[in-house]
Amino acid sequence: MARWDEILSLPVQNPPTLEFSANDIVWSKVEGWRDNIDRVALIPFARVDDFVRGESSNSDCPTRFHVEARRRRRPTTPYKPKATLFMCRYWCSFGPDDHRKGGIVRPSRNTYVPKKKNAGRPNTKRGCTCHFIVKRLIAEPSVALIIYNEDKHVDKKGIPCHGPQDKKAAGTRAVFAPYISEDLRLRVLSLLHVGVSVETIMQRHNESVEKQGGPCNRDDLLTHRYVRRQERSIRRSTYELDIDDSVSISMWVEGHQGNVFFFQDFSDSDPFTLGIQTEWQLQQMIRFGNRSLLVSDSKFGTNKLKYPVHSLLVFNPDNKAIPVAWIISPRFASSDTDKWLRALHNRVQTKDPTWKLAGFIIDDPLADVHAIRDVFQCTVLISFWRVRHAWHKNLMQKCTENDIRVEIWRRLGQIVDVICQGQGTMGLFEDLMEDFVDEADFMDYLRATWYPRLGKWIIALQTLPVSSQETTAAIEFYHNQLKVRLLNEKNSAVYQRTDWLVDKLNTKVHSYFWLDEYSGKDAFARYRKEEWVSGLTYWRKALKISDSDVVLEGRSAKVTDQLDRDRVHVVWNPGSQFGICDCRWAEIGNMCEHMLKVIDICRRKKSAVPSISMLQYHKVLKNMLHCPPNDSLIRDHAVSLAVFVQKQIDALVTESSNISEVQPISLDEGQEFVNERSDDILAYKENRSLDRHEAIDRITRDAGADLNDLSENGTCGESFGEDTMYGENIGEESTCAEMDIDPSYICISPPGLHSVDDVVSNGIDFENTVKLLSNPETEQLSSEDAAVTIGSTDHVFERGSQESAMDMESIAMDMPSSTMEFVEQCTVEHQNDVKPNVTSNSKDADSLSLRACSSIITMPVASQGDGIGPTFDVHKVDKILKA
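Since the structure is predicted, the reported quantities are computational estimates derived from the model, not experimental observations.

When helices and strands are tallied, the chain shows 28 helices and 19 strands. When each of the 883 residues of the chain is scored for burial, the buried share is 52%. Here the contacts in the chain between residues at least 6 apart in sequence split such that 70% fall between residues at least 24 apart. Counting every atom, the chain has about 41,900 Å² of accessible surface; 48% of that belongs to carbon and sulfur.

This is the structure in structure tokens:
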């Protein structure tokens, strides 16, 4: 038992990499069987496959490990601490048998007859003794015990038997791994799924091997037989595993456990829910979702499919959407969403414990925002693209006159802008319906379909930050890709079977998106079909249009087509995201590159207002500038005063219990101490605070009238829905995608913006900085337009370097209401003094100051440009101590 106590006391190691090997783990040596010393380690059981793949990718000796033996135990069996639920022995695929001349071959059965011709066997089985054991203990089922019995790729004589170190393997396949890599396997399967022939795949592969001068790894030895076998397997497979759809789904889930992160069958209380995520999708989520955005594209195929598809997307460096999970369910209620969201988050955290999301974008006002915040601990934004797409598409179909169509679309754009600024109500839509009562078709559609939902949308747009236009363009592009690749069946009856939907998402649709990220996809360009829709998003296409191709003419603009130079597209309502273009992409309800380019031109010429995202960013930035930075001198004074008061209180308590033993500090000494510290503080504030407020006033004057209107109340940390979290922990490095602005989390300096302390001490030209941020020219169509910063509670904007950040944590956020009421009673405000904030980087200092002197220290309260900080009333101290 001592041995097992030692094993169970070992730490569980979870390397942050997607795959890891024995070199990434700290091994412990314990006494094993037959007085051997075993190398053991504990890892999460969910990461056993990552360890096996990492060991197989050994550059010094590439190989592959196979399961040599396996044993399971029922969990209900009585057990001891060393009993195992699961035991599996992994052995190097070049062993344990030795098919070389003179080698030992273990008989697999009693009737084993050695083969006379062992063609190809010497390159496969060479007596390698490298193996390890994985045990899942009943005492700790979430942990896997790795016992490495032999970590050298040698035979029983101790001589290297394969790989580059084996001299006898030179010129044979034993130099390489016994099987192709996972990347090549996915490439072959993806090409076969999208319709590329076996001959074409082998032709392109052989050409690439010849260019590099011959084979240099196992992937270069790809055979025509292997590809043909994979093609045959795909051709013979079927999605209909059973006549009953639900039974067929259960059978699919049982056979694809690695691609399912959540499954809930129908029951009396819970609906059917299936979450699909392949290993490649999980890697993309970890790679592009960390400190970045996760976008929800919900309700795809509501009108055609039996159950709609809910997609979760991340953005690659080109800001193209990549699906990282698909959820299929007849409904997405609040109670159901929390379950699969938590299962998905736990799966990612198992792979990478440091993974953290910066922002989550929803496209449905009924989405469970509280569950998203609770699971991912990030801010939530909303995208209006789905409503805009539906309105635009139906407007083009139901309204025939172009002038009226343009006017209705312009009014709708104005209504949405006003609502996003927190001033619109349902009355604006009622006025629109009355003004355009003659357009009965579109108004009836608006009244019947959207009028019941507008209340939820108004609340969501006024309480959540709005995503940027580049995000909208990326979601629209993905939505069209999924529609073309999924809903292209000749027999529409299959749309009513869930097993067909699951099978196609996991095979063909997944293959298309995998090939989108494949660097060598251009070699198969001539074999593409319509479903292989790829390329740049329409936002990126707009960047390639030159300014000379755009001509503004009053209330319209003309843009020259980039492919056909003789064709000109007309854009009405220029400068607004509610524009209308006569191109094919815009006619089906999307934002085309021509509208986006015109918006860019108009904003640079200051003929159009900034986007809602930029206005929200300016509003919160303006409020942030009224927050004075941390003042360590004030903090130190508060802590010192807290210690003094605590000593006085302790002395009074001790005196009441035993007067003869304790001599408390006199009130005169306390009065003298406070006066000395107050004189130091006042001298410091007189020398510095005037310069600080002079800088802030300068900022306020030059920021522009539009920004002044946004901050009339002047409150620091003004509430913006439920996402406002000024004062959260700051300090982690962030590399999130620059696509959206999160006003509720902007509490630190973006690049180029310095603190007021830096302005006063270093003489930085703060005026130019604020002018740059408030200038509409900064919102150009390049990636800087969406210079977006979605922050989490730990998000940091870089200020000069990634290591510097402003700590805006406020003590008042965690102070009980009863304490605050008592503090307000003890507050004395000195109108002639500038009172900076009291904040502390030390949790001990915070708790000490709150416990000891909460009655005499006033916490920060925001006002018009003044940071109301701590004020001290000596007479109040005397009254407290006397009491």
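Now that the structure has been shown, the text picks up again.
Taking strand neighbours across the sheet as the criterion, the four strands line up as β14-β15-β16-β17 in an open arrangement whose pairing is antiparallel. The open sheet has two edge strands, β14 (550–553) and β17 (580–581), and neither has a second partner. As paired strands, strand β15 (residues 556–560) and strand β16 (residues 568–572) are joined by five bridges and run antiparallel to one another. Bridge pairing in β16 links Ser556 to Trp572.

Attention now goes to helix α15 (residues 469–486). An ideal rise of 1.5 Å per residue puts 26 Å on 18 residues; α15 measures up with 26 Å between its terminal C-alpha atoms. Here α15 lies mainly inside the structure; 16 of its 18 residues are buried.

With that out of the way, let us pick up the UniProt feature "domain: SWIM-type" (unreviewed entry) in the chain. In the numbering used here, UniProt assigns the feature "domain: SWIM-type" (unreviewed entry) to residues 566–603. Helix makes up 39% of residues 566–603 and strand 18%, with an end-to-end C-alpha separation of 27 Å.

Turning our eyes to something else, we now look at the packing of aromatic side chains. All chains considered together, the criterion is met by 25 aromatic pairs. Geometrically, the ring pair formed by Trp355 and Phe376 is edge-to-face, given 6.4 Å between the ring centres and 65° between the ring planes. Within this pair, whereas Trp355 is found in the loop between α8 (334–351) and β12 (359–362), its partner Phe376 is found in helix α9 (residues 369–376), the two being separated by 21 residues in sequence. Take Phe376: its relative accessible area is 3%, and that puts it in the buried class. With a centroid separation of 5.5 Å and an interplanar angle of 90°, the aromatic rings of Phe384 and Trp457 are classed as edge-to-face. Here Phe384 is found in the loop between β13 (379–382) and α10 (385–398), whereas its partner Trp457 is found in helix α14 (residues 454–463), with 73 residues between them in sequence.

This paragraph deals with the side chain of Asp297. In this structure, Asp297 sits in strand β9 (residues 293–300). At 3.1 Å, the side chain of Asp297 and the side chain of His479 are in polar contact. Filtering out sequence-adjacent residues up to four positions away, Asp297 remains in contact with Val309, His310, Ser311, Leu313, Asp363, Trp385, Arg386, Tyr478 and His479.

This next bit is on the sheet that holds strand β11 (residues 321–328). Within the open sheet, the seven strands sit side by side as β7-β8-β11-β10-β9-β12-β13. Their pairing is mixed. Sheet topology places β7 (260–264) and β13 at the edges, where each strand pairs with a single neighbour. Neighbour-to-neighbour, the strand axes of this sheet turn through a mean angle of 20°, independent of strand direction. Pairing between strand β10 (residues 309–315) and β11: seven bridges, direction antiparallel.

One can find Ala174 in the loop between β6 (143–150) and α3 (182–193). Ala174 gets classed as buried once you look at its relative accessible area, which sits at 0%. Placed 111 residues apart in sequence, Ala174 and Thr63 show a C-alpha to C-alpha distance of 9.2 Å.

Here the chain averages 74 in pLDDT, and 67% of its residues register 70 or above. Counted against residues more than four places away or in other chains, residues 659–667, with its pLDDT under 50, gives 15 contacts. Under a pLDDT of 50 for its full length, residues 681–883 has, in the predicted model, 403 contacts with residues more than four places off or in other chains.

Here the focus is the pattern of salt bridges. Applying the stated criterion across every chain yields a total of 36 salt bridges. Measuring nitrogen to oxygen at the nearest pair gives 2.6 Å for the salt bridge that ties Glu182 to Arg185. Of this pair, Glu182 and Arg185 both sit in helix α3, three residues apart, which is roughly one turn of that helix. Of the charged contacts in the structure, one is a salt bridge between Asp547 and Arg604, with a shortest N-O distance of 2.9 Å. Taken as a pair, Asp547 in the loop between α17 (538–543) and β14 and Arg604 in helix α19 (residues 593–604) lie far apart in primary sequence, 57 residues in all.

Our next topic: the pairing of strand β8 (residues 273–276). Where burial is concerned, the two faces of β8 agree: the one with Thr273 and Gly275 and the one with Leu274 and Ile276 are both buried. Pairing geometry for β7 and β8, over four bridges, is antiparallel. Looking at the pairing, Gln264 lines up with Thr273 of β8. Pairing of β8 with β11, which is carried by three bridges, proceeds in the antiparallel orientation.

A separate point is the side chain of His389. Tracing the backbone through its elements, the reader meets His389 in helix α10. Residue His389 is classed as buried on the basis of its relative accessible area of 19%. Sequence-distant contacts of His389, defined by excluding residues within four places in its chain, comprise Ile588, Gly589 and Asn590.

Next up on the list: the packing of helix α4 (residues 198–211) against helix α5 (residues 224–236). Orientation of α4 relative to α5, taken along the N-to-C sense of each, is 145°, at an axis distance of 10 Å. The interaxial crossing formed by α4 with α5 has right-handed handedness. The segment α4 lies against α5, with Val198, Glu199, Ile201 and Met202 engaging His224, Val227, Arg228 and Glu231. Its residues assigned to classes, the contact of α4 with α5 shows four nonpolar, one polar and three charged.

This next bit is on the environment of Thr471. Considering the arrangement of structural elements, one finds Thr471 in helix α15. With 151 residues separating them in the primary sequence, Thr471 and Lys320 have C-alpha atoms 9.0 Å apart.

A few words now on unusual backbone geometry. With an omega of 0°, the peptide bond running from Gly95 to Pro96 counts as cis. Relative to the helices and strands, Pro96 is located in the loop between β4 (84–92) and β5 (131–137). With a phi close to 65°, Lys299 is a non-glycine residue in the positive phi region.

Turning next to the packing of α15 against helix α16 (residues 498–516). Running from N to C, α15 and α16 cross one another at 125°; their axes reach a closest spacing of 10 Å. As the angle between them shows, α15 and α16 are arranged oblique. Once α15 is placed against α16, the crossing between them reads as right-handed. Listed contacts from α16 to Tyr478, Gln481, Leu482, Arg485 and Leu486 of α15 are Trp500, Leu501, Lys504, Leu505, Val509, Tyr512, Phe513 and Asp516. Grouping the amino acids of the contact of α15 with α16 by side-chain chemistry returns nine nonpolar, one polar and three charged.

Conventions adopted
Residues numbered from 1 in each chain as written. Predicted model: local features only at pLDDT ≥ 70, side-chain atom pairs only at ≥ 80, totals over all residues. Heavy atoms only, no water. Helix = DSSP H or I, 4+ residues; strand = E, 2+ residues; numbered from the N terminus. Buried < 20%, exposed > 50% of the residue type's maximum accessible area, 1.4 Å probe, protein only. Contact = heavy atoms within 4.5 Å. Areas by Shrake-Rupley, 256 points an atom, 1.4 Å probe, with all protein chains shown as cover. Pairing = 2+ DSSP bridges. Expected span 1.5 Å × (residues − 1). UniProt positions renumbered as here; feature names shortened; annotations may be inferred. Phe/Tyr/Trp six-rings, centres within 6.5 Å; stacked < 30°, edge-to-face > 60°. Polar contact = N/O pair within 3.5 Å; in protein donor to acceptor, adjacent residues only side chain to side chain. Axes fitted to C-alpha atoms, helices over the stretch in contact; angles between N-to-C directions. pLDDT = per-residue confidence, 0-100. Salt bridge = Lys/Arg side-chain N within 4 Å of Asp/Glu carboxyl O. Left-handed = near helix turned anticlockwise from the far one by under 90°. Nonpolar A, V, L, I, M, F, W, Y, C, P; charged D, E, K, R; others polar. Parallel < 35°, antiparallel > 145°, perpendicular 65-115°, else oblique.

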